[in-house]
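Understanding the architecture of this molecule
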Amino acid sequence: FSCSGDETIRKWCTRSGRCELVLMGHQKYITQVIVGRDNQSIFSCGGDTTIKKWNIDTGECQTTLNGHKEDVTRIVECHQGHYIMSCSLDL
């Protein structure tokens, strides 16, 4: 997976080098994407102040987490996937 300033996440096949899926839903650049511990989901964060959970196969956005006022710069999944911790530029 890769994330970009073009507001997309892309799922790449490492064998063929082809993009298999484009996930769209963020309203600004994306700063990070991580694969969930369940290997069924990915999480992303970015300049639109949100954290999103996506289905790894379909690319469907399952959840949008709001709460930050500024860019979300980093996320980490913890406690067996029950929590997402985030860093932001909030003051």
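To keep things clear, this report deals only with the structure shown in the data block. These figures come from a predicted structure and were not determined experimentally. (Residues numbered from 1 in each chain as written. Predicted model: local features only at pLDDT ≥ 70, side-chain atom pairs only at ≥ 80, totals over all residues. Heavy atoms only, no water.)

**What about the pattern of salt bridges?**
- Overall, the coordinates contain one salt bridge when judged by the stated rule.
- We note a salt bridge from D6 to R10, for which the minimum N-O separation is 3.5 Å. (Salt bridge = Lys/Arg side-chain N within 4 Å of Asp/Glu carboxyl O.)

**Structural notes on the pairing of strand β8 (residues 72–78)**
- Two elements, β8 and strand β9 (residues 83–88), share six bridges in a ladder whose sense is antiparallel. Bridge pairing in β9 places C78 opposite Y83. (Pairing = 2+ DSSP bridges. Helix = DSSP H or I, 4+ residues; strand = E, 2+ residues; numbered from the N terminus.)

**Looking at the sheet that holds strand β3 (residues 19–24)**
- Across the sheet, three strands lie side by side as β1-β2-β3; this open sheet has antiparallel pairing. Strands at the two margins of the open sheet, each flanked by one partner only, are β1 (2–3) and β3.

**Digging into the nonpolar core**
- In this structure, I9, L21, L23, I30, V33, I42, W54 and I56 together form the largest nonpolar core, which totals eight residues.
- Where this core is concerned, the elements lending two or more residues are β3 and β4 (30–35).
- Core analysis: the next-biggest nonpolar cluster, separate from the first, contains six residues, C45, I51, V72 and I75 among them. (Core = buried A, V, L, I, M, F, W, Y, C linked by side-chain atoms within 4.5 Å. Buried < 20%, exposed > 50% of the residue type's maximum accessible area, 1.4 Å probe, protein only.)

**Points about unusual backbone geometry**
- Of note in this structure, E7 is not a glycine but carries a positive phi near 70°.
- Locating E7 in the fold gives a position in the loop between β1 and β2 (8–12).
- Residue E7 is classed as partly exposed on the basis of its relative accessible area, which comes to 32%.
- Even without being glycine, N39 reaches a positive phi, approximately 55°.
- Its place among the elements puts N39 in the loop between β4 and β5 (41–46).

**Regarding the state of the cysteines**
- The final tally for this structure, using the stated rule, is zero disulfides.
- Free cysteine C13: the closest other cysteine sulfur is in C19, separated by 11 Å.
- C45 supplies the cysteine sulfur nearest to C87, a cysteine that is in no disulfide, at a spacing of 8.9 Å.
- Taking the relative accessible area as the measure of exposure, C87 reaches 45% and is therefore partly exposed. (Disulfide = S-S within 2.5 Å.)

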